[in-house]
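# Residue-level structural notes
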Amino acid sequence: NTTFRKVNAFLRGDPDAESTIRIKENIDAPETQEAIVTHVAHMWDVFDHSKTDSPVLLFRGLQDGDKAFPGVWKADDSMVGTEWVEPSPVSTSADERVAKIFAVDAVMRLHVPAGVGAVQLSGWPTKVAHNREAEVLLQPRLRMRIVADHSEMKQVGPHEFGVRVFDVVAEVVPDDES
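Description of the structure in this document. Predicted, not measured: the structure shown is a model, and the values here were computed from it.

Conventions we followed
- Residues numbered from 1 in each chain as written.
- Predicted model: local features only at pLDDT ≥ 70, side-chain atom pairs only at ≥ 80, totals over all residues.
- Heavy atoms only, no water.
- Helix = DSSP H or I, 4+ residues; strand = E, 2+ residues; numbered from the N terminus.
- Rg over C-alpha atoms; globule rule 2.2 N^0.38 Å.
- Buried < 20%, exposed > 50% of the residue type's maximum accessible area, 1.4 Å probe, protein only.
- Contact = heavy atoms within 4.5 Å.
- Lys, Arg positive; Asp, Glu negative; His and termini not counted.
- Charge placed at Lys NZ, Arg CZ, Asp CG, Glu CD.
- Core = buried A, V, L, I, M, F, W, Y, C linked by side-chain atoms within 4.5 Å.

Next up on the list: the overall build of the chain. Scanning the chain from terminus to terminus reveals four helices and ten strands. Listed by position from the N terminus, the elements making up the chain come as α-β-β-α-β-α-β-β-α-β-β-β-β-β. The C-alpha radius of gyration of the chain comes to 17 Å, within 12% of the 16 Å expected for a compact globule of 178 residues. Seen through its principal axes, the chain has C-alpha atoms that stretch 50 × 45 × 35 Å. By residue count, 37% of the 178 residues in the chain fall in the buried class. Across the chain, the fraction of contacts at a sequence separation of at least 24, relative to all contacts at a separation of at least 6, is 68%. Side chains of the chain give 19 positive and 29 negative charges; the mean places of these two sets differ by 4 Å.

Below, the structure is given as structure tokens:
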């Protein structure tokens, strides 16, 4: 199980979430244990010190609508107006092509305002480093609202097919809101 999955389970209140994770500071360092709550506090410090300085457009592939939107997923009807708060960091890409690789049910086009905690985790894909995902990790506690729901064409090799696209507006949830 990856650190990402363990941290997400902890932040989402999973009763089976683990309380520690294995950490290796560098390739030569010995493996140690760290409390997830400590690891999360370090992540929050990074988000507090790394904010977007202007609005950005990021993308996220949605693999399973039923899992992402339990009880409200509409495979054949508009999702406009659907709103939720992300309790954990949100993995996105600055490259729409990367999000489309991960998309099964939809691509989310995230309109992120200035001042949101964000950390660039990888560079843009190149011919040499094609496995880069232009990944940007967004801070937790973002309120997301779908403002548009439509289809666009997706090209995979010689094949073209429709993909569902959500335009999503993100905003930081104030600390005094529950």
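Okay, the nonpolar core next. One finds Phe69, Leu138, Met144, Phe166 and Val168 to be the most contacted residues of the largest nonpolar core, which totals 21 residues. Elements with a minimum of two residues in this core: strand 3 (56-62), strand 6 (106-112), strand 8 (135-138), strand 9 (142-156) and strand 10 (159-172). Considering each element in turn, this core owes the most residues, four residues, to strand 6. With sequence-adjacent residues up to four places away left out, Phe166 is seen in contact with Leu62, Phe69, Trp73, Met79, Ala106, Val107, Met108, Arg109, Ile146, Ala148 and Asp149.

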